[in-house]
Amino acid sequence: MLPSSLLPVRPSHVPSRSLPSAPRRAASRGAPRWSRALALQFALAAAAATSVFAQKVAGVGDDAIPIPRGGYRLQVGGLWNDYREVYTPDGKRPRLSAVATDNFGLAFLPQLSTAQAGIRTLSGSPNFALSLGPLEASGEVRQSIAPLAVDYGVSKRLSVRVLVPYVESRDVSQLVLNRNGTGATVGRNPALGTAGAASRATNGALVAQIEAARAALASEITRCASPTATGCTAIRANPAGAQTVVTRALSIRDALVSVYGNATAAGSPVVPISGSPTHTAVVATITTLRTDFGAYGISTIAETALPAAATTVYGPAGMASVASDTFQVGYAELGNTRRAGIGDIDLTLTYLLFDSFNGDQLKRLLTPTRGVRSNLTLGWRFGTAGADRTEDAFDVPIGEGAAALLVRSTTDVLFNDRAWMSATVRAVRPFGDRVAMRVPFADESTTFASGTAVVSAARTLGSRLELELAPRLSVGQFFGVSAGYLVRYWGADRYNAGSDGGAPAVATQLDVASRTVSAAAFGVSFSTLSSYARGRSRFPAEVSYTHTRPLGASGGVVPAASTDRLELRVYTGFPRR
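Looking at the overall build of the protein chain
On a plain count of helices and strands, the protein chain comes out with 10 helices and 24 strands. Taking all 577 residues of the protein chain together, the buried fraction comes to 51%.

Here's what the structure looks like:
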């Protein structure tokens, strides 16, 4: 009844894909255990065995109803996942809330630390805080899955199934920077790009003039060290002061190059805004330096020589520039992205362990008797889904892309001709593989920090265990209603980017804590199987709809995803009276 896999949370260059860091104790406390799950199934079977009615309408989701021998069941439908919030160790919060801030500065862009230090030097303000303004962030993920499944009844007890999902995932996150255009302390460096040639020439002229003045004064200091040198009154009156000017000029020159740039290249992607208090302070610093050199008879710094200030601030559309190489973030996309393709393919075999109806479909549908049945499913998941895209900050994968062993067992207990219940245990054991990942590893708050490299990382996904209880009720001959409760446990995941021997010297191992989620569902179904078996309908088919909502989670970060599922099942070779 409930989707076999909610949207996974993965480590990534982000964050939908956010990394959990809570102690695993919280997650493991609520995790189901094999012994409890199997004990519950056997208890249900025992309760029904002593009072072993007809089953007119099947419910939604997994059950132990066998496929008729030689018959096919074709299943098509749609499954829609949507979430805007995530469960974290600190509670439920909006997706990307860790990115939203009143000051989008060094806390999110540590690669601009050199620029901030340079502006502090040039402005003489040790408390200057670089900021591009407030950043509004809202995250939403939408995923559509169109599963195509075919079941074939090899015998009365054995069936084979192949499931091929076509998946489309969309990230519709919105990042709005400096909406009102008034919260920034820096703006776009006008020396960037091909249009910045004039600004680069301006900056280059100032840097060259300061360097010329510095070199000239340094040469004069050396010359005036000789007792026979003439014209050295000012330097000899204050030699320490002259040396201080030389040293300060070097510091200012280097800061100008790192912030504004020189004649050949822009410096930082951001510089003080024209007319702002910070830019005024920078102008005052250059003026003071010019005056200090003039005191020693050096006038190579022209009065009009000033750095090119920002005339444009980053506005609501400015995050596209932040994602570019200008800020060394390295993303091609920041939200509003789409992926589509074939997801992970499942191939399974199901064996009917026990059935009060002995696999007889007519008896199941037409005979008013209590009953119990149980099956066991073994299968293999082919990791056919495309890999994560490291160039997309908020990539939503269309599957895990990992091969896995699948085990499932379902027990149905029929209480009368209207009410029955299914209990299902599912286990998934993924196998290790390698994936491309950015290092250093990032979470939401470090989304925009510079990535060192994209490397091949060894991935070991934790085992999954699920327990689902689904009471069902037939309403007349054609309709049914169902409910469901699910507990899903993910084991801890591990990513190791250093095992190939070529990763850079950064933290190369990431451990993602285990996590647990619970969810509830309600569904309705329509079936012509009973009517077809009586010879009153032309086609044997079932239609079902299910809505699933999460109830809570613990451990790591888990998407608070709501799911809607619509399914159509059509049978061939179905018996009729």
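Considering the sheet that holds strand β23 (residues 558–559)
What the 3 strands build is an open sheet, ordered β3-β2-β23; its pairing is antiparallel. Looking along the sheet, the strands with just one partner apiece sit at the ends: β3 (91–94) and β23. Note: strand β2 (residues 85–88) against β3, 4 bridges, orientation antiparallel. Bridging from a neighbouring strand, E85 pairs with P94 of β3.

Notes on the pattern of salt bridges
Per the counting criterion, the structure on display carries 33 salt bridges. Of the charged contacts in the structure, one is a salt bridge between E168 and R170, with a shortest N-O distance of 3.5 Å. Classification of R170 as partly exposed rests on a relative accessible area of 34%. For D254, the salt bridge goes to R253, with nearest N and O atoms at 2.8 Å. Salt bridges sharing partners connect three or more residues here, namely D62, R408, R426, E466, E468 and R488.

Here's the deal with the sheet that holds strand β16 (residues 453–460)
Backbone-to-backbone hydrogen bonds join strands into a sheet, with any given pair of strands oriented parallel or antiparallel. Taken in spatial order, the 4 strands line up as β15-β16-β19-β20 in an open sheet, and their pairing is antiparallel. On the outer flanks of this sheet lie β15 (433–439) and β20 (509–512), each paired with one strand and no other. When strand polarity is set aside, the average angle formed by the axes of neighbouring strands in this sheet is 30°.

Concerning the pairing of β20
Side chains L510 and V512 of β20 all project onto a buried face; the interleaved residues Q509 and D511 project onto a face where none is buried. Relative to β20, strand β19 (residues 493–496) runs antiparallel, the two being bridged by 4 bridges. Within β20, the position partnered with Y495 by the bridge is L510.

Considering the nonpolar core
By size, the foremost hydrophobic cluster in this structure holds 59 residues, and its most contacted members are F104, L132, L175 and F448. Of all elements in the fold, only α3 (113–123), β4 (135–138), β7 (174–177), α4 (197–224), α6 (239–259), β9 (270–272), α7 (277–294) and α8 (319–323) reach the threshold of two or more residues within this core. Of the residues forming this core, the biggest block, 8 residues, is contributed by α6. Ignoring any residue separated from it by four or fewer positions in sequence, one finds L175 in contact with L96, V99, L135, E136, A137, P316, M319, L334, F394 and F448. A402, V455, Y495 and V512 belong to the second largest nonpolar core, which has 12 residues in total.

Let's talk about the state of the cysteines
By the definition in use, this model includes 1 disulfide. Bridging C224 to C232, the disulfide has an S-S length of 2.0 Å. The disulfide joining C224 to C232 has a torsion of about -80° about its S-S bond and is therefore left-handed. A relative accessible area of 2% places C232 in the buried class.

Comments concerning the packing of α4 against α7
Between α4 and α7, the least distance of the axes is 11 Å, while the angle of their chain directions is 30°. In terms of their interaxial angle, α4 and α7 are classed as roughly parallel. The chirality of how α4 crosses α7 is left-handed. For the pair α4 and α7, contact is made by L206, I210, A213, R214 and L217 and by I286, L289 and F293, respectively. Residues of the contact of α4 with α7, tallied by class, amount to 7 nonpolar, no polar and 1 charged.

Observations regarding the pairing of strand β24 (residues 562–572)
Sheet analysis places strand β1 (residues 72–83) next to β24, joined by 11 bridges and oriented antiparallel. Residue pairing across strands places L74 opposite V570, the latter belonging to β24. As judged from the 8 bridges shared by strand β22 (residues 541–555) and β24, these two strands associate in the antiparallel manner. The residue bridging T548 from the neighbouring strand is T563, located in β24.

Describing the packing of aromatic side chains
For the coordinates displayed, the defined rule picks out 9 aromatic pairs. Ring plane angle 40° and centroid distance 5.3 Å describe the contact between W380 and F431, whose orientation is recorded as tilted. Of this pair, W380 sits in strand β12 (residues 371–382) while F431 sits in the loop between β14 (419–430) and β15, and the two are 51 residues apart along the sequence. When the centroid spacing of 5.7 Å and the interplanar angle of 15° are considered together, the rings of F478 and F526 count as stacked. Note that F478 is positioned in the loop between β17 (464–475) and β18 (479–490) and F526 in strand β21 (residues 515–527), a separation of 48 residues in sequence. Among the aromatic side chains, those forming a connected cluster through ring pairs are F104, F108 and F448.

What about α6?
The first and last C-alpha atoms of α6 sit 30 Å apart over 21 residues, in line with the 30 Å expected at 1.5 Å per residue. Among all positions in α6, only G241, A242, V245, V246, A249, I252, R253, A255, L256 and V259 are buried. Backbone geometry just downstream of α6 places G261 in the positive-phi region, at approximately 105°.

Concerning unusual backbone geometry
Here the phi dihedral of N178 falls at roughly 50°; this positive angle occurs in a residue that is not glycine. If you trace the backbone, N178 turns up in the loop between β7 and β8 (186–188). The phi torsion at Q328 lies on the positive side, around 60°, for a residue other than glycine. Along the polypeptide, Q328 turns up in the loop between α8 and β10 (337–342).

Considerations on the packing of α4 against α6
Contact geometry of α4 with α6 gives a least axis separation of 9 Å together with a crossing angle of 160°. Taken together, the axes of α4 and α6 are roughly antiparallel relative to one another. Considering only the axes of α4 and α6, their crossing is left-handed. Where α4 abuts α6, its residues L206, V207, I210, E211, R214, L217, A218 and I221 lie against A242, Q243, V245, V246, A249, L250, I252, R253, L256 and V257.

A look at the confidence of the model for the protein chain
Chain-level statistics for the protein chain give a pLDDT mean of 85 and a share of 86% at 70 or above. For residues 37–53, every residue scores under 50 in pLDDT, and the model assigns this stretch 33 contacts once sequence neighbours within four places are set aside. Segment residues 499–505 is flagged for pLDDT under 50; beyond a separation of four residues in sequence, or across chains, it makes 12 contacts in the model.

What counts and how
Residues numbered from 1 in each chain as written. Predicted model: local features only at pLDDT ≥ 70, side-chain atom pairs only at ≥ 80, totals over all residues. Heavy atoms only, no water. Helix = DSSP H or I, 4+ residues; strand = E, 2+ residues; numbered from the N terminus. Buried < 20%, exposed > 50% of the residue type's maximum accessible area, 1.4 Å probe, protein only. Pairing = 2+ DSSP bridges. Salt bridge = Lys/Arg side-chain N within 4 Å of Asp/Glu carboxyl O. Axes fitted to C-alpha atoms, helices over the stretch in contact; angles between N-to-C directions. Core = buried A, V, L, I, M, F, W, Y, C linked by side-chain atoms within 4.5 Å. Contact = heavy atoms within 4.5 Å. Disulfide = S-S within 2.5 Å. Parallel < 35°, antiparallel > 145°, perpendicular 65-115°, else oblique. Left-handed = near helix turned anticlockwise from the far one by under 90°. Nonpolar A, V, L, I, M, F, W, Y, C, P; charged D, E, K, R; others polar. Phe/Tyr/Trp six-rings, centres within 6.5 Å; stacked < 30°, edge-to-face > 60°. Expected span 1.5 Å × (residues − 1). pLDDT = per-residue confidence, 0-100.

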